[in-house]
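Okay, here's what each chain looks like letter by letter:
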Amino acid sequence: MSTISGNSPLDGLYWQKEEVEVSDGSNGMLTQEDFFALLTQELAQQDPTKPVDNNEMISQMTAFSTTDGVAQLNEKFSNFATSMTSSQALQASSLVGRSVLVDDNVFGMAEGEEIKGKIVTDQAASNVSIYVENTAGEIVQTVPVGKVDAGSVTFTWDGQTSDGEPAPEGAYRFRVAGLVDGQASELQTMTYRKVDSVTLAGAGGNIILNLNGGSSMALTDVAEVAEG
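Now for a look at the structure at hand.

Here we take up the packing of aromatic side chains. Applying the stated criterion across every chain yields a total of six aromatic pairs. Seen in terms of ring centroids, Phe107 and Trp157 are 6.3 Å apart; in terms of plane orientation they differ by 65°. Their pairing is edge-to-face. Placement of the pair is Phe107 in strand β4 (residues 106-109) and Trp157 in strand β8 (residues 151-157), with a sequence separation of 50 residues. The buried category is assigned to Phe107, whose relative accessible area is 2%. Taking 5.0 Å as the distance between ring centres and 80° as the angle between the ring planes, the aromatic pair formed by Phe155 and Phe174 counts as edge-to-face. With Phe155 in strand β8 and Phe174 in strand β9 (residues 170-180), this pair connects stretches of sequence that are 19 residues apart. Classification of Phe155 by relative accessible area gives buried; the value is 9%. By relative accessible area, which is 0% here, Phe174 ends up buried. These aromatic residues form a ring-pair network of at least three members: Phe107, Phe155, Trp157, Tyr172 and Phe174.

Written out as structure tokens, the structure is:
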């Protein structure tokens, strides 16, 4: 404490350094020590003619133990979730340069590159054809497949147009159509995309894979991982 002196209207006044409380990290939560301190006070202040009921005391102690156990369990789950996130991030980083199968029929392609895809259907289909279209909706190549059984079928586009020339670099999409129970239908198409980079903390904390062609996909949306 310091005193201000001299010929001043402030003579006799003093200032005192404020003490800043340091948080103990408990965030105001009752600990086991707090519980027993309260219990001691409760016993000290009780009416001698009306002692604490044993069942009530056991109930209080059980409730506290349960609350304390839940708090510890939440902390362990939080640590486990952090560990899982770190593990997923490490796993995702190893995908850079590899191909992943995603539920998307639009892709970017470099000139002369081959693109793999997969037809997925829960029913057999006939007269199936794969149409490769550019961004203008023009068909640059048609690949007849024929009959497809229920399940999945992998295919590869050689990157060439119907004239046998390499298709120019750009964005394309696969459209697969055929007959299901005699009705014209479009079939689900998935594509294999190369992973260019990984964003470890995307929207909502998700791990995001940045794919070739400029699009992105959450790690949880990957259906399959392939070499190269």
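Turning to the nonpolar core, a few remarks are in order. Of all hydrophobic cores here, the largest spans 18 residues; its most connected members are Trp157, Tyr172 and Phe174. Residues contacting Tyr172, with those up to four places away along its chain left out, are Asn105, Val106, Phe107, Met109, Val132, Glu133, Asn134, Val140, Trp157 and Ala167. Counting 12 residues, the second-largest nonpolar core is a separate cluster that includes Leu95, Val102, Val198 and Met217.

What follows is about the pairing of strand β7 (residues 139-148). Relative to β7, strand β6 (residues 125-134) runs antiparallel, the two sharing seven bridges. If you follow Val128 over to β7, its bridge partner there is Gly146. As consecutive antiparallel partners, β6 and β7 are separated by four residues, and within that stretch Gly137 has a phi angle of approximately 85°, a positive value.

What the rule picks out here adds up to five salt bridges. For Arg173, the salt bridge identified is with Glu133, shortest N-O distance 2.8 Å. Of this pair, Arg173 sits in strand β9 while Glu133 sits in strand β6; the two residues are 40 residues apart in sequence, bridging distant segments of the chain. Here Arg173 falls in the partly exposed class, since its relative accessible area comes to 33%. Accessibility expressed as a relative area gives 5% for Glu133, which makes it buried. Three or more residues are tied together by salt bridges with common partners; here these are Glu133, Arg173, Arg175 and Glu186.

About the criteria used
Throughout this description, residue numbers start from 1 for each chain and increase along the sequence as written. Under the rules for a predicted model, residues below a pLDDT of 70 receive no local features and side-chain atom pairs below 80 are neither given nor counted, while totals for whole chains, interfaces and linings still include all residues. As a convention, hydrogens and water are excluded, and side-chain values are obtained from all of the structure's heavy atoms. Only rings of Phe, Tyr and Trp enter the pairing, Trp through its six-membered ring, and a pair is recorded when the two centres are within 6.5 Å. The plane angle decides the type: under 30 degrees is stacked, over 60 is edge-to-face, the rest tilted. Numbering of helices and strands runs from the N terminus, with a helix taken as a DSSP run of H or I at least four residues long and a strand as a DSSP run of E at least two residues long. Burial here depends on accessible area, computed with a 1.4 Å probe over protein chains only, as a share of the maximum for the residue type. Under 20% is buried, over 50% is exposed, and the range in between is partly exposed. Residues enter a nonpolar core if they are buried and are Ala, Val, Leu, Ile, Met, Phe, Trp, Tyr or Cys, with the set joined through side-chain atoms within 4.5 Å. Any two residues whose heavy atoms approach within 4.5 Å at even a single point are treated as in contact. Two strands qualify as a pair provided DSSP detects at least 2 bridges between them. One side-chain nitrogen of Lys or Arg within 4 Å of one carboxyl oxygen of Asp or Glu is enough to make a salt bridge.

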